[in-house]
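Chains, contacts and geometry: an overview
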Amino acid sequence: MKDKKKRPRDIFQLAASIVAEATGEEQPVETTTKNQAAVELGRLGGLKGGKARANKLTPERRKEIAQKAAKNKVG
């Protein structure tokens, strides 16, 4: 089974990829490299963020947030 390729969101890139796929042409592979230090710092901040916010909230504000979430829940 073929691996599914992620299709581009941009309409022009999508059109180009469909044409290339239909004609059998190979597309250049885009590679993105991330700064590993920045990735680690972002993750560290993300791990701390929710707990820090929860600790700052008053019980009344937590209740308001929970009620709003329950009211807006779909499904």
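Residue positions are given per chain, counting from 1 as you read along its sequence in written order. Given that the model is predicted, a residue must reach a pLDDT of at least 70 before its local features are reported, and side-chain atom pairs must reach 80 or more before they are shown or counted; all residues, however, enter totals for whole chains, interfaces and linings. Side-chain calculation: all heavy atoms of the structure are included, whereas hydrogens and water are not.

Per-residue confidence from the prediction method is given by pLDDT, with values spanning 0 to 100. The pLDDT averaged across the chain works out to 83; a share of 85% of its residues lies at or above 70. Helix and strand assignments follow DSSP, with helices taken as H or I runs no shorter than four residues and strands as E runs no shorter than two, numbered in order from the N terminus. Taken element by element, the predicted model of the chain shows its lowest mean pLDDT in helix α1 (residues 11–23) (86) and its highest in helix α3 (residues 59–72) (93).

Any helix carries an expected span of 1.5 Å times its number of residues minus one. Relative to the 18 Å expected for 13 residues at 1.5 Å per residue, α1 spans 18 Å between its end C-alpha atoms, a close match to the ideal helical length. Just downstream of α1, G24 is the residue with a positive phi angle, here 80°.

Quick look at the pattern of salt bridges now. A pair is scored as a salt bridge if a Lys or Arg side-chain nitrogen falls within 4 Å of a carboxyl oxygen belonging to Asp or Glu. Counted under the stated rule, the structure contains one salt bridge. R61 is the partner of E64 in a salt bridge, and the nearest nitrogen-oxygen pair spans 3.1 Å. Taken together, the positions of E64 and R61, both in helix α3 and three residues apart, correspond to about one turn of that helix.

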